[in-house]
There are 4 protein chains.
Amino acid sequence: MIVILKAHAEQNKIEALTEQIRQQGVSIHYSQGQTETIIGLVGDTTHVDEDWLRANEIVADVRRVSEPYKLVNRRFHPEDTHITVAGRTIGEGSFSVIAGPCSVETEEQIISVARSVKASGAAFLRGGAFKPRTSPYSFQGLEGEGLRLLKIARKVTGLPIVTEIMSENQLDDFADVDVIQVGARNMQNFRLLKELGHSRKPILLKRGLSSTMEELFMSAEYIMAGGNDNVILCERGIRTFEKMIRNNLDISAVPIIKAKSHLPVIIDPSHAAGIAWMVEPLARTAVAAGADGLMIEVHNDPSKALCDGAQSLNPQQFDHLMGDIRRRVAFEEKTLEGQ
Amino acid sequence: MIVILKAHAEQNKIEALTEQIRQQGVSIHYSQGQTETIIGLVGDTTHVDEDWLRANEIVADVRRVSEPYKLVNRRFHPEDTHITVAGRTIGEGSFSVIAGPCSVETEEQIISVARSVKASGAAFLRGGAFKPRTSPYSFQGLEGEGLRLLKIARKVTGLPIVTEIMSENQLDDFADVDVIQVGARNMQNFRLLKELGHSRKPILLKRGLSSTMEELFMSAEYIMAGGNDNVILCERGIRTFEKMIRNNLDISAVPIIKAKSHLPVIIDPSHAAGIAWMVEPLARTAVAAGADGLMIEVHNDPSKALCDGAQSLNPQQFDHLMGDIRRRVAFEEKTLEGQ
Amino acid sequence: MIVILKAHAEQNKIEALTEQIRQQGVSIHYSQGQTETIIGLVGDTTHVDEDWLRANEIVADVRRVSEPYKLVNRRFHPEDTHITVAGRTIGEGSFSVIAGPCSVETEEQIISVARSVKASGAAFLRGGAFKPRTSPYSFQGLEGEGLRLLKIARKVTGLPIVTEIMSENQLDDFADVDVIQVGARNMQNFRLLKELGHSRKPILLKRGLSSTMEELFMSAEYIMAGGNDNVILCERGIRTFEKMIRNNLDISAVPIIKAKSHLPVIIDPSHAAGIAWMVEPLARTAVAAGADGLMIEVHNDPSKALCDGAQSLNPQQFDHLMGDIRRRVAFEEKTLEGQ
Amino acid sequence: MIVILKAHAEQNKIEALTEQIRQQGVSIHYSQGQTETIIGLVGDTTHVDEDWLRANEIVADVRRVSEPYKLVNRRFHPEDTHITVAGRTIGEGSFSVIAGPCSVETEEQIISVARSVKASGAAFLRGGAFKPRTSPYSFQGLEGEGLRLLKIARKVTGLPIVTEIMSENQLDDFADVDVIQVGARNMQNFRLLKELGHSRKPILLKRGLSSTMEELFMSAEYIMAGGNDNVILCERGIRTFEKMIRNNLDISAVPIIKAKSHLPVIIDPSHAAGIAWMVEPLARTAVAAGADGLMIEVHNDPSKALCDGAQSLNPQQFDHLMGDIRRRVAFEEKTLEGQ
């Protein structure tokens, strides 16, 4: 971390500041020029608060050199993290497809979708029981009943289930869920993240619509700081100025996550595009970029879906996509999980 | 709401769709051109799901004509809403300044700040007890103890208190708070919004960093749909590409809110700028734009603040700002509350 | 195009407006509801000005249904456009790699780079003679001398050359260039686009940093409206909030362009990432997304490059990338040009 | 400027790099820590290329401490710049209103608008002769004839004229224009900026839709580096995610420009909002923020305007706005020019 002092800072104030910094267990490198004086902070600066430094009257600017995230950081954990759920491995070298409807609607629907996505090669079943909807007048999910139906579908097909939590209050209800999803709008719901840190469940953490990679890493750090290492990152599109699609898939997120972190990364092309026909080309780029899996919305009858029908594939489309993905995963010399 | 059909849509599918729409209590206007067929939905379309329409195979596009928010909408509630808290009125014609530290640190600190902001003319005391911090390693607030100290400062000064809630679990603890703040990162924490709807407390709802005005209105609609009409909107800067400041104050939010909604709007220039020297010029624009108040961070010793020191004014700076604001509020022929 | 009228618009004003619209050769569908009156414009609305409609006092809103671009539009030109340059085909089914330095520096440098990229499999040589630099103090290119050296490199290697134009004044100097590039900052330099429309040269049109796809299409429409059909679109990264990379490659641009337009599309991963190590993973996603080629910066000694060294590959890195790209192009059953 | 070296950089490569830096006339401060080595560059680093440093294999990161703009910088030119045109002063302490139609349409129209804006208190007449339109099918301006009509309106009213240039080719035609405007889309048309630097005309430089303040300053630096000090900056709204308005007025631009630069700054609320009713509230914020003037679109009959009718005020609306602005300029103790 580098602190740039204002020109003409008084010597006694500089000494007071450097003393305060040293008390935080960090060494100081002091470099005085004609126009600028620079203080370099050496050591573990994770706990040093940039804002606190900026508020000092003699400080002109503060630049972080080392990353503020530690447990998430590949620098301190060079090996790839692999997370195993019901015999499926999520992480480098494997490729896992999570598929299912936006929301669980009926027992018949969820079992039907679960069977068809399993037959096509999905490794996990997804389905929303609690739905975060922009409008209070939109369908909010079957809630507890949705969770119950998901578990029935799991029993019938053997597919582990992935579903979204909306509040730390629901943790008990989610005790029997295989992978707990944190939605994009909750990426910085820090109370929820902290409680998930006390769990040992695999957490699928979705990136916020306008969050930076560093913010995503810091949210994962919240979970890991609580002791839960089972974090899977998920890129699902970012908000841009483009009007032809709902969100722009940030495909660079994959190489960045692989370089900076050891955690697995999953791509959700359905929410990124918001349109069914674009799911397949985006899914292809996810494989090529080096992602560890895909999360795809599939509905038995998209035109009757209670949410996100426009972006859902029907079972035939999903089967076609899986045929293509299977060839591409083999090309990358990875293992398609759940087969 | 307008539904644009695909060219060559089959007649029986069009009829099936229009029948489904009519069943939702909405009338249909049907307009067939050579290249495009358009269905106009007439009536209350608040409950009609755009996504459901888009998922239909014969639908090319859907455009909403009327707003999806109703209780928030000035069209259905032409008079300005005024919210009265401890004798202070928040709403058109009045101007309320909420001031205080980013976080409550000690009893001495909060009482000292409360006394000085009151002397300068603030109508409300703000102070964070639960702090949403990007890093798990940053100071997270004094939590319950912070609430206790805020109430002491209220007792000493008579200033009503505004403080941020982070989860619906905390509602009991906030029973004695005057105005409950929902932070920008929780603007779409729908579980929290729903529970706040069941309360009758005034809610200060901050706009998310990258949220549209419509999304802000829909979040307010969640609270009002629960029966709580006491919603105050707060613009606190949006994320842009600019690197010289933390966020860009979206001053257009004020005339938009005043035109589209009847709810009061407060400007937070401290979080927008992120730098103390820019708080005063931005505060001036808030008055000129027609805002109903300001929320400003003040700390007795910003360089020792445990959070947001860089953007906090010291008591002298705040006093100077209030002198200027007082003249400007008079110029606008509004009443400065709390005097 | 749909025009939504204000409630209570007077009948004589509605008639005046519809008459004005009809005079532009467009038919009218009129749909009156209880709360909303909608006018549908049927026919070729390319020339109807949205702003003009919006300015009418009885108009509440205007929504375009059909695209405002015509010559670029796949709807009116279903077959893919192929552009042939010196025996290389750019367009669907082929894959062309354009490689070379950010700027031409010396005869030795450009010949050396040209020979090595040719040996590795590039089909075109790129190199900047006129450089659009943010700072007036940065190296601005060798200008005319740069063009001369590029032509020598072409003579030596046989590679056709791609280089950037900055003003319509330079058209004569570019008469002997194989593909003229329009940079991102000039995407809406309409004087330049118009003049390029009068040329018959292939134009590589780069998307602006914050431009929408529709704006890109409209800029291509400017060139095509002048009579020049040889337009190649190029996605080179968009500005987002991310700080870890220079720009975010918008990989969705590829399927959108392929769906909406018949023009070829090239991806420039070097400018998107701004960092050499990320060029290869992004290049892989370009092939998978269905792009028709790549544009890649290669320098004989990146650490001595006069511009963009940080994102340039050295010849060994480029050779490695081409080995990978060759396998992937074969996987997609496309032809690698220039072999 | 600070250069952060990679861990384990070899000593001979560090020496080679520091020697290369010294050759550019910059001193070195060298600070070696356990995990990080930092090189501080001391002196005038305006000419040192960040990209060149980043491309060096032992460099991990580069951070600029001092600004890359010099002539524009208030640090090196503490006094406010005032530009005088036909007896009107643009700069701190004065307030100038530039008003007129989006485009010149007829002699009658431009004279009528010129007379009415003069009567209401405008100091300058604006009007477009060459129009940068997104679509090649939209009205492109009267071009040379438009310039001729503007000069007639100037003769009739005595108002100096402001009009937009689109290419350096047009400089001769603009010899008799009082203030030459560079549009937002041309903010980084560097050939044009360079040629304007060789002129001595006052230049009104509009900020690009997604440009940072630093980029705006660098574009002004291009003009000033050519010897032309008469630069007026203009903020006209930035692109954001908001759909209710065309662009978001970035009101923070005013205090930033006033702090970082000595150049005058004008606000264009018409292009920012894109809707007539929002022009007045935004204009009020411009005065309060400390801007040196306004640029406002006025049309004798907005519903018949050939461009931008939706955002144009009619003469009555403009007269009302000027009444309000006059009171506010007096409140700020500034002089309204042209009275």
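Rules and cut-offs
Residues numbered from 1 in each chain as written. Chains lettered and ligands numbered in written order. Predicted model: local features only at pLDDT ≥ 70, side-chain atom pairs only at ≥ 80, totals over all residues. Helix = DSSP H or I, 4+ residues; strand = E, 2+ residues; numbered from the N terminus. Buried ≥ 20, exposed ≤ 12 C-beta atoms within 10 Å, placed from the backbone. Contact = placed C-beta atoms within 7 Å. Least-squares fit on C-alpha atoms with pLDDT ≥ 70 in both. Pairing = 2+ DSSP bridges. Axes fitted to C-alpha atoms, helices over the stretch in contact; angles between N-to-C directions. Nonpolar A, V, L, I, M, F, W, Y, C, P; charged D, E, K, R; others polar. Domains from an automatic or database assignment. Core = buried A, V, L, I, M, F, W, Y, C linked by C-beta atoms within 7 Å. Parallel < 35°, antiparallel > 145°, perpendicular 65-115°, else oblique. Left-handed = near helix turned anticlockwise from the far one by under 90°.

**Student:** Would you explain the overall build of chain A in this entry?
**Tutor:** Along the backbone of chain A there are 10 helices and 15 strands. In terms of principal-axis extent, the alpha carbons of chain A reach across some 75 × 45 × 40 Å. Here chain A holds 339 residues, and 60% of them are scored as buried. Intrachain contacts of chain A at a sequence separation of at least 6 include 67% that bridge at least 24 residues.

**Student:** Whenever I open this one, the relation of the copies chain C and chain D confuses me. Can you help?
**Tutor:** Here the two chain copies are tied together by a rotation about an axis and a shift along that axis. Of the transformation superimposing chain C on chain D, the axial component is 0.0 Å and the angular component is 180°, with the fit at an RMSD of 0.0 Å. This pairing of chains is accounted for by a two-fold axis. Among all residues of chain C, the one whose C-alpha sits closest to the rotation axis is S210(C), at a distance of 3.2 Å. The share of interface residues of chain C whose copies in chain D are also at the interface is 100%, consistent with both copies meeting through the same surface.

**Student:** Explain the sheet that holds strand β2 (residues 27-32) of chain A to me, please; I cannot follow it from the model alone.
**Tutor:** Across a sheet, paired strands are connected by hydrogen bonds in the backbone, their directions being either parallel or antiparallel. Residue and element names in this part refer to chain A. Here we have 4 strands laid out as an open sheet, ordered β2-β3-β1-β4, and antiparallel in their pairing. With partners counted over all chains shown, the strands left at the sheet margins are β2 and β4 (59-63), one partner each. Mean inter-strand twist for the sheet, computed between neighbouring axes without regard to direction, equals 20°. Direction of pairing for strand β1 (residues 2-5) relative to β4: antiparallel, over a ladder of 4 bridges. Paired with L5 across the bridge in β4 is V59. Packing of helix α1 (residues 11-22) onto the sheet brings it into contact with β1, β2 and β3 (37-42), and relative to β2 it is tilted by some 155°.

**Student:** Can you walk me through the relation of the copies chain B and chain A in this structure?
**Tutor:** Of the transformation placing chain B onto chain A, the axial shift is 0.0 Å and the rotation is 180°, giving an RMSD of 0.0 Å. Looking at chain B, 100% of its interface residues are interface residues in chain A too, so the copies touch through the same face.

**Student:** Would you mind going over the interface of chain B and chain A with me for this structure?
**Tutor:** As a measure of interface size, the accessible area lost when the parts come together is often cited. Counting residues at the interface gives 41 residues for chain B, matched by 41 residues for chain A. Residue contributions to the side of chain B that touches chain A peak at 5 residues, all from helix α6 (residues 213-225) of chain B. Of the residues assigned to the side of chain B that touches chain A, the class counts are 16 nonpolar, 14 polar and 11 charged.

**Student:** Honestly, the interface of chain C and chain D in this entry has me stumped. Any pointers?
**Tutor:** The partner chain D presents 41 residues to the 41 residues of chain C that form the contact. At the level of secondary structure, the elements contributing two or more residues to the side of chain C that touches chain D comprise α2 (50-54), α5 (190-198) and α6 (213-225) of chain C. Here the side of chain C that touches chain D takes 5 residues from α6(C), the largest share from any one element. Taken together, the residues of the side of chain C that touches chain D break down into 16 nonpolar, 14 polar and 11 charged.

**Student:** Would you take a moment to explain the domain arrangement of chain A for this structure?
**Tutor:** What the domain assignment reports for chain A is domain 1 (2-63) and domain 2 (74-336). The C-alpha centroid of domain 2 of chain A is placed 43 Å from the C-alpha centroid of domain 1 of chain A.

**Student:** Explain the nonpolar core to me, please; I cannot follow it from the model alone.
**Tutor:** Nonpolar side chains tend to gather and get buried jointly when the protein is soluble and globular. Ranked by internal contacts, the top residues of the largest apolar core, which has 452 residues, are I232(A), I232(B), I232(C) and I232(D). Apart from residues no more than four positions distant in its own chain, I232(A) is found in contact with I83(A), I90(A), P202(A), I203(A), L204(A), L205(A), L263(A), P264(A) and I266(A).

**Student:** Can you help me understand helix α7 (residues 253-260) of chain D in this one?
**Tutor:** In an α-helix, one turn spans 3.6 residues; hence positions three or four apart end up facing the same way. Among the 8 residues of α7(D), 6 are classified as buried, and the element is accordingly described as predominantly covered. Buried positions along α7(D) lie against α9 (279-289) of chain B together with α6 (213-225), β12 (231-235), β13 (265-267) and α9 (279-289) of chain D.

**Student:** Just to check I follow, could you spell out the packing of α9(B) against α9(D) for this structure?
**Tutor:** Two numbers describe how α9(B) lies on α9(D): the axes approach to 8 Å, and their chain directions differ by 150°. Regarding the angle of α9(B) to α9(D), the classification is roughly antiparallel. Crossing geometry of α9(B) relative to α9(D) is assigned as right-handed. On α9(D), the residues that touch P281(B), R284(B), T285(B), V287(B), A288(B) and A289(B) of α9(B) are P281(D), R284(D), T285(D), V287(D), A288(D) and A289(D). Here the residues of the contact of α9(B) with α9(D) sort into 8 nonpolar, 2 polar and 2 charged.

**Student:** Quick question: what am I supposed to make of unusual backbone geometry here?
**Tutor:** Excluding glycine, a negative phi dihedral is what most residues carry, and trans is how most peptide bonds are arranged. If you check the backbone angles, D308(B) has positive phi at about 55° while not being a glycine. Phi is positive for A86(D), which is not a glycine, with a value near 50°. Tracing the backbone through its elements, the reader meets A86(D) in the loop between β5 (83-85) and β6 (88-90).

**Student:** Just checking my understanding: could you explain the environment of D44(C) for this structure?
**Tutor:** Considering the arrangement of structural elements, one finds D44(C) in the loop between β3 (37-42) and α2. C-alpha separation for the pair D44(C) and V254(C), spaced 210 residues apart in sequence, amounts to 27 Å.

**Student:** Help me understand the environment of R326(B) in this model?
**Tutor:** Residue and element names in this part refer to chain B. Turning to its location among the elements, R326 is positioned in helix α10 (residues 315-331). R326 gets classed as partly exposed once you count the C-beta atoms within 10 Å, which come to 16. Apart from the residues within four sequence positions on either side, R326 is in contact with G121 and L336.

**Student:** How do you make sense of the sheet that holds strand β3 (residues 37-42) of chain D when you look at a structure like this?
**Tutor:** All names here are of chain D. Across the sheet, which stays open at both edges, the 4 strands sit in the order β2-β3-β1-β4 with antiparallel pairing between neighbours. Both outer strands of the open sheet, β2 (27-32) and β4 (59-63), are each paired with one neighbouring strand and no more. If you compare each strand with its neighbour and ignore which way they point, the axes differ by 20° on average. One ladder, built from 4 bridges, connects strand β1 (residues 2-5) with β3; its direction is antiparallel. Its bridge partner lying in β3, V3 is registered against I39. Contacts between helix α1 (residues 11-22) and the sheet are confined to β1, β2 and β3, with β2 contributing the most and set at about 155° to the helix.

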